[in-house]
Amino acid sequence: MRSVADPTNTAVDTGHVMVETDRLVMRELVESDVEHMFRLDSDPRVHEYLGKNPVARIEQSVAIVARVREQYRLYGIGRWATIEKATGDFIGWSGLRLVPETINGRTDFIDLGYRFMPAYWGKGYASETAIASVRYGFDVMNLDLICGHADRNNLGSRRVLEKAGLRHTGSFIYDLQPTEWYELHRPG
């Protein structure tokens, strides 16, 4: 994995490359990603454990991309587009974001998340990006804590959090669903 500290590096598409792994590039989401984001978030399979409420209109994806870009501006971090190097395909998003609202008693915490097109499930991409994101969080951002949560029944997502080093620390109800909470403190 190579963290790209120079934000002027635009080797892939028009978004600043943040992290590269052997198989993937993680870069800022840009306006030209709207159609990809719509394809991702309009798929009911993707939203199985996310409230079963996929987006229905492209305008919703426009708003999502704008919101993520605003997070970059306000907090210096937000979810990243994930691109498969071998094909150049947009496969989803992954990364860290600051959560300013309160979830499970925590406010203003850094959350690890990921969402991929079903065609790319089962290839280890979520784990690969989650591990890279954790390294970026500790090595580049100098974070002390990274959190994550997943629907209790989403065993795949829970395994990804564990593979990235996060430890299960409790359960709570989120959006009326039993949810598992994970944390990882800075090593050392």
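These figures come from a predicted structure and were not determined experimentally.

About the thresholds
- Residues numbered from 1 in each chain as written.
- Predicted model: local features only at pLDDT ≥ 70, side-chain atom pairs only at ≥ 80, totals over all residues.
- Heavy atoms only, no water.
- Helix = DSSP H or I, 4+ residues; strand = E, 2+ residues; numbered from the N terminus.
- Buried < 20%, exposed > 50% of the residue type's maximum accessible area, 1.4 Å probe, protein only.
- Contact = heavy atoms within 4.5 Å.
- Areas by Shrake-Rupley, 256 points an atom, 1.4 Å probe, with all protein chains shown as cover.
- Lys, Arg positive; Asp, Glu negative; His and termini not counted.
- Charge placed at Lys NZ, Arg CZ, Asp CG, Glu CD.
- Core = buried A, V, L, I, M, F, W, Y, C linked by side-chain atoms within 4.5 Å.
- Phe/Tyr/Trp six-rings, centres within 6.5 Å; stacked < 30°, edge-to-face > 60°.
- Salt bridge = Lys/Arg side-chain N within 4 Å of Asp/Glu carboxyl O.
- Polar contact = N/O pair within 3.5 Å; in protein donor to acceptor, adjacent residues only side chain to side chain.
- Arc of directions from axis to C-beta.
- Expected span 1.5 Å × (residues − 1).

Chemist: Can you walk me through the overall build of the protein in this structure?
Modeler: A count of helical and extended segments in the protein gives four helices and nine strands. Listed by position from the N terminus, the elements making up the protein come as β-β-β-α-α-β-β-β-α-β-α-β-β. Out of the 188 residues belonging to the protein, those deemed buried represent 49%. Considering only intrachain contacts with a sequence separation of at least 6, the fraction spanning at least 24 residues in the protein is 53%. As displayed, the protein offers around 9,500 Å² of accessible surface, 49% of which is attributable to carbon and sulfur atoms. Across the protein, 23 positive and 26 negative side-chain charges occur, with their mean positions spaced 4 Å apart.

Chemist: I keep staring at the nonpolar core and nothing clicks. Help me out?
Modeler: A general trend in soluble globular proteins is that nonpolar side chains are found buried together. By size, the foremost hydrophobic cluster in this structure holds 47 residues, and its most contacted members are Met-37, Trp-80, Leu-112, Tyr-114, Val-134, Ile-146 and Leu-166. Residues in contact with Tyr-114, not counting those within four places in the same chain, are Trp-93, Ser-94, Ala-126, Ala-130, Ser-157, Val-160 and Leu-161. Counting seven residues, the second-largest nonpolar core is a separate cluster that includes Val-99, Ile-103, Cys-147 and Phe-172.

Chemist: Is there a simple way to explain the packing of aromatic side chains in this structure?
Modeler: One pair of aromatic rings is described through two measures. These are the centre distance and the angle between the planes. If you walk through the whole model with that rule in mind, you get five aromatic pairs. Aromatic side chains Trp-80 and Tyr-136 sit 5.0 Å apart centroid to centroid with 90 degrees between the ring planes, which places their arrangement in the edge-to-face category. Of the two residues, Trp-80 sits in strand E4 (residues 80–84) while Tyr-136 sits in helix H3 (residues 125–139), which places them 56 residues apart along the sequence. The two residues Trp-80 and Tyr-136 agree in class, both being buried. Between Phe-109 and Trp-181, the aromatic rings sit 5.3 Å apart at their centres with planes inclined by 70 degrees, giving edge-to-face as the arrangement. On the criterion of sequence distance, the pair formed by Phe-109 in strand E6 (residues 109–116) and Trp-181 in strand E9 (residues 177–185) is long-range, its members being 72 residues apart.

Chemist: Help me out: how do you make sense of the pattern of salt bridges in this one?
Modeler: Side-chain pairs of opposite charge can arise where the charged atoms are in close proximity. Applying the stated criterion across every chain yields a total of 14 salt bridges. Between Asp-144 and Arg-186 there is a salt bridge, with the nearest N and O atoms lying 3.6 Å from each other. A residue pair is termed long-range when its members are at least 10 positions apart, and Asp-144 in the loop between H3 and strand E7 (145–151) and Arg-186 in the segment after E9 qualify at 42 residues.

Chemist: Got a minute to help me understand the environment of Asp-111 in this structure?
Modeler: With respect to the helices and strands, Asp-111 occurs in strand E6. On a C-alpha basis, the gap between Asp-111 and Tyr-182 in space is 9.7 Å, while along the polypeptide they are 71 residues apart. In this view, Asp-111 contacts Arg-79, Gly-95, Leu-96, Arg-97, Val-99, Cys-147, Gly-148 and His-149; residues no more than four positions away in its chain are not counted. In this structure the side chain of Asp-111 is engaged in a polar contact, spanning 2.6 Å, whose partner is the side chain of Arg-79.

Chemist: Where do I start with helix H4 (residues 155–163) in this structure?
Modeler: Three or four residues apart is the spacing at which side chains of an α-helix point the same way, because the helix has 3.6 residues per turn. Of all the residues in H4, the buried ones are Ser-157, Arg-158, Val-160 and Leu-161. Projection of H4 onto a plane perpendicular to its axis shows the buried side chains occupying an angular sector of 155 degrees, all on one side. Residues of H4 that are buried in the fold lie against E6, H3, E7 and E9. At the C-terminal side of H4, Gly-165 shows a positive phi close to 100 degrees.

Chemist: What is the right way to read the side chain of Thr-82 from this model?
Modeler: Inspection of the secondary structure assignment puts Thr-82 in strand E4. The exposure class assigned to Thr-82 is buried, which follows from its relative accessible area of 0%. Residues contacting Thr-82, with those up to four places away along its chain left out, are Leu-24, Val-25, Met-26, Asp-89, Phe-90, Ile-91, Gly-92, Trp-93, Ser-94, Phe-116 and Thr-129.

Chemist: Would you mind going over helix H2 (residues 58–75) with me for this structure?
Modeler: With 18 residues, H2 should reach 26 Å at 1.5 Å per residue; the first-to-last C-alpha distance of 26 Å fits that figure. For H2, the complete set of buried residues consists of Ser-61, Ile-64, Val-65, Val-68, Gln-71 and Tyr-72. In an axial view of H2, the angular spread of the buried residues amounts to 110 degrees, which keeps them on one side of the axis. On its buried side, H2 packs onto strand E3 (24–28), helix H1 (34–41), E4 and strand E5 (90–99). Directly beyond the C-terminal end of H2, a positive phi value near 75 degrees is found at Gly-76.

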